[in-house]
Amino acid sequence: MNNPTLTATEFKKRIDDNLLRYYGTEPDQADLEQIYKCVITVARDEAVRKRLAFEKQVEEENGKQVYYMCMEFLLGRSLKNCVFSLFGEDLFAEVLSQYGLKPKDLYNLEPDAGLGNGGLGRLAACFMESMASRNYCATGHSICYELGMFKQKIVDGWQIELSDTWLPMGEVWLSPRLDEAVDVPLGGHIEESWENGRLVIHHYGADIIRATPYDLMIPGHDTEGVSRLRLWKATAKNPVNMSLFSQGDYIRAAEENTNAEMISKILYPPDNHTQGKSLRLRQQYFLVSAALQNIIKNHLANHGSLETLPDKVIIHINDTHPSLCIPELLRIFIDECGYGWDESWDIVKRTINYTNHTVMSEALETWGEATFRSILPRIFSIIHEINRRFCEEMFQRTNGDWDKISRMAILANNSVRMANLSVIGSNKVNGVSTLHSQILKDRVFKDFNDIYPEKFTNVTNGIDHRRWLCQSNPGLTDLLKECIGDGFVSDASKMSEFLKFQDDKQVTEALARIKRENKERFARFLKKEGCAVLPDPDTLLDVQVKRLHEYKRQLLNALHILSLYLDLKDNPNMEFQPRTFLFAAKAASGYYMAKRIIMLITSIAKLINNDPQVNQKLRVIFAENYRVTLAEYLMPAADVSEQISQAGTEASGTGNMKLMINGALTVGTLDGANVEIHREVGDENIFLFGLRTEEVADLYRRGYRPLDYYNSNPRIRRIIDTLRAGICGESFADIADSLTMDSRFADPYMNLADFESYRQIQSIIGNEYANDRDAWNKKSLINIAKAGFFSSDRSIRDYAEGIWDMKPVGDKK
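Now for a quick tour of the structure. (Residues numbered from 1 in each chain as written. Predicted model: local features only at pLDDT ≥ 70, side-chain atom pairs only at ≥ 80, totals over all residues. Heavy atoms only, no water.)

## Digging into the overall build of the protein chain
Inference 1: Scanning the protein chain for helices and strands turns up 35 helices and 25 strands.
Inference 2: A globule of 813 residues ought to have a C-alpha radius of gyration of about 28 Å, and the protein chain, at 27 Å, matches this closely.
Inference 3: When its C-alpha atoms are laid out on the principal axes, the protein chain stretches across 90 × 70 × 65 Å.
Inference 4: Counting the 813 residues in the protein chain, one finds 60% classified as buried. (Helix = DSSP H or I, 4+ residues; strand = E, 2+ residues; numbered from the N terminus. Rg over C-alpha atoms; globule rule 2.2 N^0.38 Å. Buried < 20%, exposed > 50% of the residue type's maximum accessible area, 1.4 Å probe, protein only.)

## Structural notes on the sheet that holds strand E22 (residues 618-622)
Inference 1: An order of E22-E21-E20-E23-E24-E25 is seen for the six strands of this open sheet, with the pairing classed as parallel. Each of the sheet's edge strands pairs with one partner strand only, and the pair in question is E22 and strand E25 (687-688).
Inference 2: Pairing of strand E21 (residues 579-584) with E22, which is carried by five bridges, proceeds in the parallel orientation. If you follow phenylalanine 583 over to E22, its bridge partner there is phenylalanine 622. (Pairing = 2+ DSSP bridges.)

## Here's the deal with helix H23 (residues 505-529)
Residues three or four positions apart in an α-helix share a direction because the helix packs 3.6 residues into each turn.
Inference 1: Taking 1.5 Å per residue as the helical rise, H23 with its 25 residues ought to reach 36 Å, and the 36 Å between its terminal C-alpha atoms agrees with that figure.
Inference 2: Inspection of H23 places Val507, Thr508, Ala510, Leu511, Ile514, Lys515, Asn518, Lys519, Phe522, Ala523, Phe525 and Leu526 among the buried residues, and these make up the whole buried set.
Inference 3: Those residues of H23 that are buried are in contact with helix H22 (474-484), strand E20 (540-545), E21, helix H26 (628-634), helix H33 (751-771) and helix H34 (773-786).
Inference 4: Looking at where H23 begins, the residue whose side-chain oxygen comes 3.1 Å from the main-chain nitrogen of glutamine 506 is aspartate 504.
Inference 5: Of the residues one or two after H23, glycine 530 is the one with positive phi, at around 95 degrees. (Expected span 1.5 Å × (residues − 1). Contact = heavy atoms within 4.5 Å. Polar contact = N/O pair within 3.5 Å; in protein donor to acceptor, adjacent residues only side chain to side chain.)

## Overview of the packing of aromatic side chains
Geometrically, a pair of aromatic rings is defined through the distance of the ring centres and the angle of the planes.
Inference 1: Under the criterion given, the structure shown has 21 aromatic pairs.
Inference 2: Between the aromatic rings of phenylalanine 445 and phenylalanine 456, the centroid separation amounts to 6.2 Å while the plane-to-plane angle is 35 degrees, which identifies the pairing as tilted. Taken together, the residues phenylalanine 445 in the loop between helix H19 (434-444) and helix H20 (446-451) and phenylalanine 456 in strand E19 (residues 456-458) connect sequence positions 11 residues apart. Each member of the pair, phenylalanine 445 as well as phenylalanine 456, carries the same accessibility label: buried.
Inference 3: Through a chain of ring-to-ring contacts, the aromatic side chains of Tyr68, Phe73, Phe127, Tyr799 and Trp804 assemble into a single cluster.
Inference 4: One residue, lysine 455, lies across the ring of tyrosine 452, its end atom 5.4 Å from the ring centre.
Inference 5: The ring of tryptophan 468 is capped by lysine 658, whose NZ or CZ atom sits 4.7 Å from the centre of that ring. (Phe/Tyr/Trp six-rings, centres within 6.5 Å; stacked < 30°, edge-to-face > 60°. Lys NZ or Arg CZ within 6 Å of the ring centre and 35° of its normal.)

## A look at the nonpolar core
Inference 1: Core analysis: the biggest nonpolar cluster contains 149 residues, and Phe11, Met131, Leu324, Phe372, Ile386 and Trp804 have the highest contact counts within it.
Inference 2: With 11 residues, the top contributor of residues to this core is helix H11 (residues 274-303).
Inference 3: Excluding its chain neighbours within four sequence positions, the residues that come into contact with isoleucine 386 are Ile326, Leu330, Trp341, Trp345, Ile410, Leu421 and Ile424.
Inference 4: The next biggest cluster of nonpolar side chains, apart from the first, holds 62 residues, and it includes Leu568, Ala585, Ile601 and Tyr769. (Core = buried A, V, L, I, M, F, W, Y, C linked by side-chain atoms within 4.5 Å.)

## What about the pattern of salt bridges?
Side chains bearing opposite charge may pair, as long as their charged atoms lie close to each other.
Inference 1: Inspection of the entire model under this criterion finds 61 salt bridges.
Inference 2: Residues lysine 12 and aspartate 16 are paired through a salt bridge, measuring 2.7 Å at the closest nitrogen-oxygen approach. Note that lysine 12 and aspartate 16 are positioned in helix H1 (residues 8-23) at a spacing of four residues, about one turn of the helix.
Inference 3: Here lysine 12 falls in the buried class, since its relative accessible area comes to 17%.
Inference 4: Of the residues examined, aspartate 16 reaches a relative accessible area of 19% and is grouped as buried.
Inference 5: Aspartate 538 is the partner of arginine 516 in a salt bridge, and the nearest nitrogen-oxygen pair spans 2.7 Å. Of this pair, arginine 516 sits in helix H23 while aspartate 538 is found in the loop between H23 and E20, placing the two residues 22 residues apart along the sequence. (Salt bridge = Lys/Arg side-chain N within 4 Å of Asp/Glu carboxyl O.)

## Re the sheet that holds strand E15 (residues 366-368)
Inference 1: Taken in spatial order, the three strands make up an open sheet running E15-E17-E16, and their pairing is antiparallel. Every other strand in the sheet has two partners, leaving E15 and strand E16 (411-412) as the edge strands with one partner each.
Inference 2: Of the pairings in the sheet, the one linking E15 to strand E17 (residues 415-417) comprises three bridges and is antiparallel in character. Paired with threonine 366 across the strands is arginine 417, a residue of E17.

## Regarding the packing of H23 against H34
Packed helix pairs are specified by the crossing angle of their axes together with the interaxial distance, meaning the distance between the axes.
Inference 1: Across the interface, H23 lies against H34 with an axial gap of 9 Å and an inter-helix angle of 85 degrees. By the angle between their directions, the pair H23 and H34 is classed as roughly perpendicular. Of H34, the residues touching H23 (which contributes Lys505, Val507, Thr508, Leu511 and Ala512) are Asp774, Asn777, Lys778, Leu781 and Ile784.
Inference 2: Of the residues contributing to the contact of H23 with H34, the split by class is five nonpolar, two polar and three charged. (Axes fitted to C-alpha atoms, helices over the stretch in contact; angles between N-to-C directions. Parallel < 35°, antiparallel > 145°, perpendicular 65-115°, else oblique. Nonpolar A, V, L, I, M, F, W, Y, C, P; charged D, E, K, R; others polar.)

## Looking at the layout of surface pockets
Inference 1: When its volume is computed, the second largest pocket comes out at roughly 970 Å³.
Inference 2: Considering the residues around the second largest pocket, the lining is formed by 37 residues, among which Val359, Met360, Ser361, Arg443 and Val444 are closest to the centre.
Inference 3: Listed by contribution, the elements that provide at least two residues to the lining of the second largest pocket are helix H18 (418-424), H19, H20 and helix H29 (693-702).
Inference 4: The dominant element in the lining of the second largest pocket, judged by the number of residues it contributes, is H19, at six residues. (1 Å grid on protein atoms, 1.4 Å probe; cavity = no way out; pocket = protein on both sides within 12 Å on 5 of 7 lines; lining within 4 Å. Points joined across faces, edges and corners; volume = space filled by probe spheres on them.)

## A look at the packing of H1 against helix H2 (residues 32-60)
Inference 1: One can describe the packing of H1 onto H2 by two numbers: an axis separation of 9 Å at closest approach and a directional angle of 115 degrees. As for how H1 packs across H2, the hand of that crossing is right-handed. Contact residues: H1 offers Phe11, Arg14, Ile15, Asn18, Leu19, Tyr22 and Tyr23, while H2 offers Gln34, Ile35, Lys37, Cys38, Val39, Thr41, Val42 and Glu46.
Inference 2: Classifying every residue of the contact of H1 with H2 by side-chain character gives nine nonpolar, three polar and three charged. (Left-handed = near helix turned anticlockwise from the far one by under 90°.)

## Focus on the side chain of aspartate 671
Inference 1: Among the secondary structure elements, aspartate 671 is positioned in the loop between strand E24 (665-668) and helix H28 (674-681).
Inference 2: One buried charged side chain, aspartate 671, makes no salt bridge at all; its nearest oppositely charged neighbour is arginine 553, positioned 7.6 Å away.
Inference 3: Polar contacts involving the side chain of aspartate 671 include one to the side chain of serine 645, which spans 2.6 Å.
Inference 4: Among the polar contacts made by the side chain of aspartate 671, one reaches the main-chain amide nitrogen of glycine 648 at a distance of 2.7 Å.
Inference 5: With sequence-adjacent residues up to four places away left out, aspartate 671 is seen in contact with Leu435, Ser645, Gln646, Ala647, Gly648, Thr649 and Glu650. (Lys, Arg positive; Asp, Glu negative; His and termini not counted.)

## Observations concerning the side chain of glutamate 369
Inference 1: Take glutamate 369: it is sitting in helix H15 (residues 369-375).
Inference 2: Although glutamate 369 lies buried, it forms no salt bridge, and the closest oppositely charged side chain, arginine 373, sits 4.0 Å away as judged by the N-O distance.
Inference 3: Look past the residues within four positions of glutamate 369 in its chain and what remains in contact with it is Phe380, Leu411, Asn414, Ser415 and Val416.

So this is what it looks like as structure tokens:
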């Protein structure tokens, strides 16, 4: 840390003052939790002070601000990042030593802020840090969920969801802004009238939800930049119905507030039933309305006119969840500010940009018209008008091609299509990897690309390398500093200088030592977590860690492991590189097949780990409750990174980048950002297998019959038959049938088509690791050196230059 914001003396004095102010105690009487909260209060207040100064500089330069809208921000723990960015580890350790503590004593006390599900939320968190570190003024908007997604527990192989209560020890980071609270209407009905020559909307019978913001600061590294994450909490405007309360009907008296609080109770309620879908839609509008009211109020206070909004404000919607920004911003302009439609629509389209994160048709969000209209009557009427005008325009531009227009329409087949709304109402639309962006143009949004080719662009995802390398892997970070200096901490592109050490055996052997130490550290972490089976640091550690979904093909990995087990049982003395396979993944609570795949993995693990004939060569671990903190220990320890989604299904991935920057070698398909990883490292430093995107499409066109692979490949047949026969007393005939039934719905992600290619590349991996460790270590070094491209700093620069037209604060160019 070059410029700590406080001296050690100042830091300690502020902690002592906080102990006295908030707990009425002296330092020698304070307990660990009190010190922890007072330390965080110092860090929080220092970040707030820097943010205020940063905003003042933006105003002086008449600069832009970006508002990043996302339903989730998977932050993990914040204290270590704040220490790294504001004070430095050495100064922090010096201060804590005066209380008889070490930094890890406080780090381990902090819960993960589980305000996200997976890659989408983690990407948003990385972007907030990078925007601050690169001096872009940013505010993220999301919901202040009382509970994170869930804590995962595996009981008899089945995933159980437990409440993830992060606020009791995490809310100390939050600064309540009661002065910024706004009201959000839900439900009711609208009536229109003409008054003084303009249309006036009257909204009757709505439930009024009070939205109160809580701010969390994310400081940049060695810079004045600080990002603000504004989290909105829901309550009823009138928490208690006093009439019912006076009659003694206490439960109904509080019912309105209970229903309102449910909006910010939990991230992503299950949507496999009507109530869950309704709650999700209420959550999305609650976030969007509260945020936009706040943004418009602040813009008017600073600039006086909404005509300047596109020049001073960028609203970026991350996936379709915040796409209601488009009609809500129109509503504010028309209903509250008196603007006409054409002028409002022009400003909206120049202000909002949209990042798409999926090519999966089922993940392109839609709502039933009836549900949408009942919850958001005014927004539905605005969307209806957007759709009417758009279809009229397309009728002229396509010479009446109604098939094309129906595919592009927002309203069709009694559904509201949020992806189409997002494209129509945005200035720019980007995918998150080269392949993904091309698929958007060629397939998902082809009709739109035909009409608006200038709309579409690409920004490949990135990761916060300061968290995922510098903070998570201190051993590797120290080696990099020793070899190339510390410039890479601020500028990840300088990691390429590490390439000149690829033939330096002393450096590659140091890499191997660091990797082993990280495996030992990870094993100790898992032991504290209560994991019964631990990775052997002398084995090849092969990891697949990501959300559990069929397209990500954890099932293909499991089938291969079962194949290895059967081979070892047939020939216990076969030449075999000992290997630990580790999975970590949460399945959505309503996703039955994903849960069955978890049960299959844990059953295979039970079978193998309890078999003395093979468990010295093969080990399988399913690590419970995957989250940011677990990943921070896991990523530096991994040797092999499993990125094996079916080609053409993964938008990007960021776990592949985190593993790469820590020296793991990728085994994967040419899917998502694997394409860019391959481009960076070359054929020799990645293990590719499987059908390419165009080959997948061709096989679907010709008619994919997975049963043919079952009939023609004895190995596949044996694996499938083993599933049917059962593993550790549990039959997996349902999974076997899903792979081999004589139906066009069988094996939708082509596990069997790619199995033999995958098995062969896995054999190559084992042989290379066993027989030429020097070459392996060299490949690891090359991956590390080439990972600089995947810093989220580069992603943010691409957004700023290619989409936002925004310069960093202090940039005089």
